[in-house]
Amino acid sequence: MTEDWKDYTQRIEELAARSGLKFHPVEFEAVPDSFMMEIAVYGLPVRMPHWSFGVRYIYQLIQRHMGNSRLFEVVFPGNPGHAYLAASNGLAENILVTAHVLGHADFSRNNLMFRRCQGQVSEHIVEHAANHARQIQQAIETYGMQRVEAVLDAALALEQHIDVDQSLRRERYPEYAPEAKALVDDEFRKRFASLDPTAASTGLEIKKRAPVPPHPERDLLWFVANYAPEMESWERDIFLAVREESFYFYPVFATQIMNEGWASYWHARLLREANFVPQQAYVDAIKCHSDVVRSVAADQQVALHINPYHLGFSMWEKIVEKDGMDAARSIMEQDDDFGFIRNHLTRELADELGLFRFSARNDGHVKVLEHDLTALHEAVLSPKYNFGAPSVSATHVRTDGTLELTHDNSVDGRGLDLERSRRVLDYVQRVWRRPIVLSTVNQAGSTLELTAP
Amino acid sequence: MPESSDKPASDAGKWYDLFSRGARDWLRHDEKVRESVRKHLPQIVSGADVINEGARTVRVPVRMLEHYHFRLRRPEESQGAGQGKAKPGDVFSDPSKQRGPGEKGAGGQDEGEVQLLLEFKIDDIVDWLWEEMQLPNLKARVGPSEETDWVREGWDRRGARSRLDRRRSFKEMVKRRGNPGATPTFIDEDLRYRQLARRRQPALHAVVFFMLDVSGSMSDRDRKLAKTFFFWVVQGLRREYRSLETVFVAHTTEAWEFTEPEFFQVSGTGGTVSSTGFNKVREIIDARYNPGRCNIYLFYASDGDNSVSDSAEARETLSSITGDACFTGYVEVSSGLSRQLATETGRLFAELATAGCAAGSYALNDFDDVWGAVRHFFSAEAKALEAPG
């Protein structure tokens, strides 16, 4: 591949900075397509080994052979950021991609959710993940493939079950329940205590052990790592490594529409303003842009999913046009996809873009539903709730160490897939090393308990 | 593993060429699939299409493993958001969501069904199966029971110079010194010699006759069932006999000897006279094999509808064959479940078995039965051989 695009990188960066983008420096690197594919599979350039990534890898290979997906770039936020560009990109594609990457870099530096998570995980997730991979490799050498894999099976099965509202390095629950209010030091208590020392001290010694967990706990990775009765410390480390990576992935997941839209908006805009780009490259890049940012595949009339690039791009264009760049920037800083869609996807825009709601039966029968903006918002957002996972929380640990998990079907609207849930319990049980009970509801809506073993 | 960030740009971007993590994890997945295939081997390999003509491997179609997560139950009806030219009330069908009957949404939401073809060595499979099913190893009836042979096995620190294993010794030296840079110097402790072990091996000669009824009443499926069964029988017998010959005989109202590839392609018309087949087998034994020096097996597959007028002659020839054979087996490949060996030929073999001959029968209705049949015959055969006389 020619390195021509590197000549443009700096000029695009300057243009971006002049246009008001504020980003950490980005290190660009052109890598072979095979490596691009692996990054897409693992989500990080170097990540822990697990057979499930092998399965995704094969699906990617198949996809690629069918010509379905092409990856132009992958960017990792941080200071500096890392951007990997496919070596097969042409000049025009690389110019476009560079601008796109800068849009992402601006987003990840300024969006609050990204900032918060990076504050927790640090700005060096790429290096951290590589460290985790190395630790796990060492664990494999020490404890053997079978044992490490059993832990990873459990940890990665729970990877969506974290609580980003809590801190990454979270303290254990307080050992004792908070003391009753009555023990406040007032005049009466002091006098009472002076009358009979034993009476006063009993009041202080009745410290009640707090139940574990004191409230339903949805950070299952953290909970298992901290409260599993017989977990070994290297197993804990693996759980916490997976959790840390999940903390990194969460903002990427929860702001995908905004983030991709923002980057697409900026690559289009920077390209328009970049008068130094040769005419032909510009035309090619615009073609590439319209391939990526399109609502419906060329050979179809209707798509039963929404292209986040297209939706985000259109929404940002509308917002900038209507309220100006400053307003757009503050939305970009403060929102995630939930706020963004609910507040800024208007009826007019939804109509303009041809968004609709549908209901699909298992046999493939699809019916387009009545217009309803609020319901449309929820239809767009529903796959994103709770990191895309059902709401399962740890609710109790019995005295014999049995872990009780509870699925909140009132939030999710229906019960769990029993077969899969059973398998997950089997995974987790090998680490928890005591029985696990999971309650959910069956088809008829009555409570059902799954147990492992 | 080097990290991408702390390397200078000129040097970066090379480490990932060295190996593919995706391929590594894929291989691990592959291994896991093999493990689980191994656990369910009998069900899988009895499938109709696993036998690869002439090759020493078997191809098994498998699904990819799923790494399970908590998921909600698949709803009868799901809602989503889409985009395009559609008005409320429009109805259409989504081809990607249509699944054939029997395939319950096992794949992930975005993962199409992908099937893999795994290749297994037949020898491995047979070994696993024999272990798994605890099939008895056969004892031969005639011939020297064992002969000894020397095989290479393991290493030792002492040995004849000619058996010095240089590669192994070098490795030991490197292990000891842990410093590959310096010039190699060996000490005596590094040296490794190949050892020989005395291994007893059956030194037996056997011939197995496969006799197939190809009359009009035998369907393609019946022949295929028989073929699958025969295939595994050969594999099982090969475990025991260093040299195993196979003879293929097909019959309708006449009988012919065929080569293996032709054998399974043959289809005839007309009635069934099994004595012609037995006569042919008798003829071949007399002409080519000496029952005193060679272990003879006969497996016969038929739908059992032998013509009634033939029964006397069939009985006579078959009895004479069982007299010479280690074992005679009959599989009835009748697609109808109701008969279950209550046929002319079925009765004939039942009689032989009650008369104390080494004979057995099994009704083979489905590909799932193949392993049952193989197990049945190999255990029956072992029993028959243990019995005195």
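Rules used in this analysis
Residues numbered from 1 in each chain as written. Chains lettered and ligands numbered in written order. Predicted model: local features only at pLDDT ≥ 70, side-chain atom pairs only at ≥ 80, totals over all residues. Helix = DSSP H or I, 4+ residues; strand = E, 2+ residues; numbered from the N terminus. Buried ≥ 20, exposed ≤ 12 C-beta atoms within 10 Å, placed from the backbone. Contact = placed C-beta atoms within 7 Å. Nonpolar A, V, L, I, M, F, W, Y, C, P; charged D, E, K, R; others polar. Pairing = 2+ DSSP bridges. Axes fitted to C-alpha atoms, helices over the stretch in contact; angles between N-to-C directions. Left-handed = near helix turned anticlockwise from the far one by under 90°. Domains from an automatic or database assignment. Core = buried A, V, L, I, M, F, W, Y, C linked by C-beta atoms within 7 Å. Arc of directions from axis to C-beta. Parallel < 35°, antiparallel > 145°, perpendicular 65-115°, else oblique.

1. Overview of the overall build of chain A
Next up, step 1: Of the regular secondary structure elements, chain A holds 19 helices and 10 strands.
Next up, step 2: Principal-axis analysis of the C-alpha atoms places the extent of chain A at approximately 90 × 55 × 50 Å.
Next up, step 3: Counting all 453 residues of chain A, 42% fall into the buried class.
Next up, step 4: In chain A, the share of contacts with a sequence separation of at least 24, taken over all contacts with a separation of at least 6, comes to 74%.

2. A word on the interface of chain B and chain A
Next up, step 1: Facing the 51 residues of chain B at the interface are 71 residues of chain A.
Next up, step 2: Elements supplying a minimum of two residues to the side of chain B that touches chain A: helix 2 (21-39), strand 2 (77-84) and strand 3 (91-93) of chain B.
Next up, step 3: Residues of the side of chain B that touches chain A, tallied by class, amount to 17 nonpolar, 17 polar and 17 charged.
Next up, step 4: As defined by bridge partners, strand 6 (residues 365-368) of chain A adjoins strand 3 of chain B across 3 bridges and the pair is classed as antiparallel. Within strand 3 of chain B, the residue paired with Val366 of chain A across the bridge is Phe92 of chain B.

3. Examining the packing of helix 1 (residues 4-18) of chain A against helix 4 (residues 91-110) of chain A
All names here are of chain A.
Next up, step 1: Look at helix 1 against helix 4: their axes get within 9 Å of each other, and the N-to-C directions meet at 35°. Note on packing geometry: the crossing formed by helix 1 with helix 4 is right-handed. Where helix 1 approaches helix 4, its residues Asp4, Trp5, Tyr8, Thr9, Ile12, Glu13 and Ala16 are matched on the opposing element by Leu91, Asn94, Ile95, Thr98, Ala99 and Leu102.
Next up, step 2: Each residue belonging to the contact of helix 1 with helix 4 can be placed in one class, and the counts come to 8 nonpolar, 3 polar and 2 charged.

4. Thoughts on the domain arrangement of chain A
Residue and element names in this part refer to chain A.
Next up, step 1: Along its sequence, chain A is organised into domain 1 (125-166 + 219-253) and domain 2 (386-452).
Next up, step 2: On a C-alpha basis, the centroid separation for the pair domain 1 and domain 2 is 20 Å.
Next up, step 3: Counting residues at the interface gives 20 residues for domain 1 and 15 residues for domain 2.
Next up, step 4: Elements with a minimum of two residues in the side of domain 1 that touches domain 2: helix 7 (145-157), helix 10 (220-227) and helix 11 (233-254).
Next up, step 5: At 5 residues, the largest contribution of residues to the side of domain 1 that touches domain 2 is made by helix 7.

5. Examining unusual backbone geometry
Residues and elements named next belong to chain A.
Next up, step 1: Omega for the bond connecting Asn79 with Pro80 falls within 30 degrees of zero, at 0°, which places this linkage in the cis form.
Next up, step 2: Relative to the helices and strands, Pro80 resides in the loop between strand 2 (73-76) and strand 3 (81-86).
Next up, step 3: The residue after Ala452, namely Pro453, is reached through a cis peptide bond having omega 0°.
Next up, step 4: Although it is not a glycine, Phe387 adopts a positive phi angle of roughly 60°.
Next up, step 5: With respect to the helices, strands and loops of the structure, Phe387 is situated in the loop between helix 17 (373-381) and strand 7 (392-397).
Next up, step 6: On the basis of neighbour counts, which here come to 17 C-beta atoms within 10 Å, the residue Phe387 falls in the partly exposed class.

6. Considerations on the nonpolar core
Next up, step 1: Formed by 133 residues in total, the largest nonpolar core has its most connected members in Ile95, Leu102, Ala155, Leu221, Val224, Ile238 and Val428 of chain A.
Next up, step 2: Element by element, the count of residues in this core is highest for helix 4 of chain A, at 10 residues.
Next up, step 3: When we break this core down by domain, the ones giving at least three residues each are domain 1 (125-166 + 219-253) and domain 2 (386-452) of chain A.
Next up, step 4: Those residues in contact with Leu221 of chain A, other than ones at most four positions away along the chain, are Ala155, Leu158, His161, Ile162, Phe239, Val242, Arg243 and Ser246 of chain A.
Next up, step 5: Listed in part, the 57 residues of the second largest apolar core include Phe210, Phe230, Val249 and Tyr362 of chain B.

7. Digging into helix 10 (residues 344-354) of chain B
Next up, step 1: All of the buried residues along helix 10 of chain B are Thr345, Gly346, Leu348, Phe349 and Leu352 of chain B. Buried residues of helix 10 of chain B fall within an arc of 160° about the axis and therefore sit on the same side.

8. Overview of the sheet that holds strand 5 (residues 355-361) of chain A
Next up, step 1: Strand order in the open sheet formed by 5 strands is 4(A)-2(B)-5(A)-6(A)-3(B), and the pairing between neighbours is antiparallel. Lying at the two open borders of the sheet, with one neighbouring strand each, are strand 4 (302-303) of chain A together with strand 3 of chain B.
Next up, step 2: In the packing of helix 17 of chain A onto the sheet, contacts are made with strand 5 of chain A together with strand 2 of chain B, and the angle to strand 2 of chain B comes to roughly 100°.

9. Some words on the environment of Ala360 of chain A
Next up, step 1: Within the element layout of this structure, Ala360 of chain A appears in strand 5.
Next up, step 2: Residues Ala360 of chain A and Pro383 of chain A, spaced 23 residues apart in sequence, show a C-alpha to C-alpha distance of 15 Å.

10. Describing the packing of helix 2 (residues 33-42) of chain A against helix 3 (residues 51-65) of chain A
Describing two packed helices takes the angle between their axes plus the distance from one axis to the other.
Residues and elements named next belong to chain A.
Next up, step 1: Remark: helix 2 packs on helix 3, axes separated minimally by 9 Å, with the N-to-C direction vectors making an angle of 130°. Taken together, the axes of helix 2 and helix 3 lie oblique to each other. Helix 3 is crossed by helix 2, and the crossing has right-handed handedness. Here Met37, Ala40, Val41 and Tyr42 of helix 2 lie close against helix 3, whose contacting residues are Phe53, Arg56, Tyr57, Gln60 and Arg64.
Next up, step 2: Class assignment of the residues belonging to the contact of helix 2 with helix 3 gives a composition of 6 nonpolar, 1 polar and 2 charged.

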